[in-house]
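Spelled out, the chains give:
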Amino acid sequence: MLERNCREVKVREVRFLGTWDEPSDFVELTLENPGWDSYRPGQFAMLRAKRWGLELPWGRPFSISRVDAESLTFFIQVVGRGTTRLSRLTAGEDVIIWGPLGNGFSAPADTPTLLLAGGMGIAPFRGYIEKHPTPKALHLLFAHRPALDFYPYLAMSEKVGAEAIQEHSSDDLPGIIARIEAAMEEYSGGLVLACGPTPFLRTVQAHALKKNIRAEVSLEKTMACGVGACLGCVCKDGQGKHVQVCARGPVFAAADVQL
Ligand SMILES: Cc1cc2nc3c(=O)[nH]c(=O)nc-3n(C[C@H](O)[C@H](O)[C@H](O)COP(=O)(O)OP(=O)(O)OC[C@H]3O[C@@H](n4cnc5c(N)ncnc54)[C@H](O)[C@@H]3O)c2cc1C
Ligand code: FES
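Definitions and cut-offs
- Residues numbered from 1 in each chain as written.
- Chains lettered and ligands numbered in written order.
- Predicted model: local features only at pLDDT ≥ 70, side-chain atom pairs only at ≥ 80, totals over all residues.
- Domains from an automatic or database assignment.
- Contact = placed C-beta atoms within 7 Å.
- Helix = DSSP H or I, 4+ residues; strand = E, 2+ residues; numbered from the N terminus.
- Nonpolar A, V, L, I, M, F, W, Y, C, P; charged D, E, K, R; others polar.
- Pairing = 2+ DSSP bridges.
- Axes fitted to C-alpha atoms, helices over the stretch in contact; angles between N-to-C directions.
- Buried ≥ 20, exposed ≤ 12 C-beta atoms within 10 Å, placed from the backbone.
- Near = placed C-beta within 6 Å.

1. What to know about the domain arrangement of the protein chain
For the protein chain, the assigned domains are domain 1 (6-101), domain 2 (105-218) and domain 3 (220-259). Each side of the interface is counted separately: domain 2 has eleven residues, and domain 3 has eight residues. Counting residues per element, the ones that place at least two in the side of domain 2 that touches domain 3 are α5 (198-211) and β12 (215-218). Looking at the side of domain 2 that touches domain 3 element by element, the count peaks at six residues for α5. Each residue belonging to the side of domain 2 that touches domain 3 can be placed in one class, and the counts come to six nonpolar, three polar and two charged.

2. Regarding the sheet that holds strand β9 (residues 138-144)
In space, the six strands of this open sheet follow the order β10-β9-β8-β11-β12-β15, with mixed pairing throughout. Edge positions in the open sheet fall to β10 (161-166) and β15 (251-253), since each of these has one partner strand only. Taken pair by pair, the neighbouring strands of this sheet meet at an average axis angle of 15°, ignoring direction. Contacts from helix α2 (residues 123-131) reach β8 (113-118), β9, β11 (191-195) and β12 within the one sheet, and its direction differs from that of β8 by about 155°.

3. Let's talk about unusual backbone geometry
Looking along the chain, the bond that leaves G99 and enters P100 is cis, with omega of -15°. Positionally, P100 belongs in strand β7 (residues 94-101). With an omega dihedral of 10°, the bond running from G249 to P250 counts as a cis peptide bond. Secondary-structure assignment places P250 in the loop between α6 (245-248) and β15. Positive phi, normally seen in glycine, also occurs at D110, with a value near 65°. Taking the C-beta count within 10 Å as the criterion, D110 has 10 such neighbours and is therefore assigned exposed. One non-glycine residue with positive phi stands out, namely L231, at about 65°.

4. Some thoughts on the site of ligand 1
Taken together, 20 residues lie around ligand 1, and R60, G80, G82, T83 and A123 are the ones closest in. Elements supplying a minimum of two residues to the shell around ligand 1: β4 (60-63), β6 (71-77) and α1 (81-87). With four residues, β4 is the largest single contributor of residues to the shell around ligand 1. Its residues assigned to classes, the shell around ligand 1 comprises ten nonpolar, six polar and four charged. Shared between two domains, the shell around ligand 1 takes at least three residues from each, and those domains are domain 1 (6-101) and domain 3 (220-259).

5. Let's talk about the environment of F26
Relative to the helices and strands, F26 is located in strand β2 (residues 24-32). Along the backbone, F26 and Q77 are 51 residues apart, and their C-alpha atoms lie at a distance of 4.6 Å. Apart from residues no more than four positions distant in its own chain, F26 is found in contact with L17, G18, Q77 and F150.

6. Quick word on the sheet that holds strand β1 (residues 6-20)
Strand pairing in a sheet takes place through backbone hydrogen bonds and is either antiparallel or parallel in direction. The strand order across the open sheet formed by seven strands is β4-β3-β7-β1-β2-β6-β5, and the pairing between neighbours is antiparallel. Unpaired on one side and paired on the other, β4 and β5 (66-67) mark the two borders of the sheet. One ladder, built from four bridges, connects strand β3 (residues 44-49) with β4; its direction is antiparallel. When the sheet's bridge partners are listed, A45 is paired in β4 with F62.

7. What to know about the environment of T90
By secondary structure assignment, the location of T90 is in the loop between α1 and β7. Spatially, the C-alpha atom of T90 lies 9.7 Å from that of L29, the residues being 61 residues apart in sequence. Excluding residues within four positions of it along the chain, T90 makes contact with V11 and V14.

Next up, the structure:
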């Protein structure tokens, strides 16, 4: 499976979107599409530049943000060694990609579906919206700290109902949590999908369980192999059993995972 899903592709473009004051760059990385048109949004890929040396032996996991006939797009926040190097790639360089990996989000046609994105958790929802059979059934609620134009939000808000809430300081958090919970209740007869930092997912999970709302959460655990071979990404499922996020997830029903 590892060999079958591994490809070498060329970088088409690295587009700089902005620098936040942490400091942290935001980039959109576009690669050649090796034939991943039937991927399922919520799936991810492991990326490793071919010229990386032995000091970075493992690829890094990223949600597949969108796919078109020619390209795969990833949306990356620079946080460390691997993401710094990915952000400095140039057109024509070779990248080794493994994927599409993991399970992906449910996408039932005609079901009112709330997409809850926290920060970089917006990445998989770009392709989700583009591939969904009935985008008019979708609503995107995006909570973010850096400026909105660092994210692909505008392109997404042209396709579905969308709202963005910015957290300027921790004083804004109670209002943001209240808005998330109220939106979830509006979709209590439908489906809620969430991707973002763990505290964000905990809020969504707790409210889904409390109000019996059907919800799925996508986890961003640190990974090494990405294909179920190393135990680098283990978490506990709803029954307390250890599961590998790369193999069983990264998307879990809210009741099926401990955060
Ligand atoms: C399924 C999945 C999808 C992801 N999708 C995206 C995406 O679309 N865009 C994006 O920018 N990032 C995404 N991530 C997170 C991304 O994989 C990490 O930010 C990246 O691996 C960090 O690599 P690095 O070498 O730059 O950082 P390192 O040098 O390895 O570490 C630097 C810092 O980043 C933290 N870090 C490392 N791995 C992760 C992680 N998985 N999640 C959060 N923090 C981490 C470390 O704790 C450390 O503080 C995803 C992760 C997973 C598991
Ligand atoms: S990252 Fe190796 S088992 Fe999941």
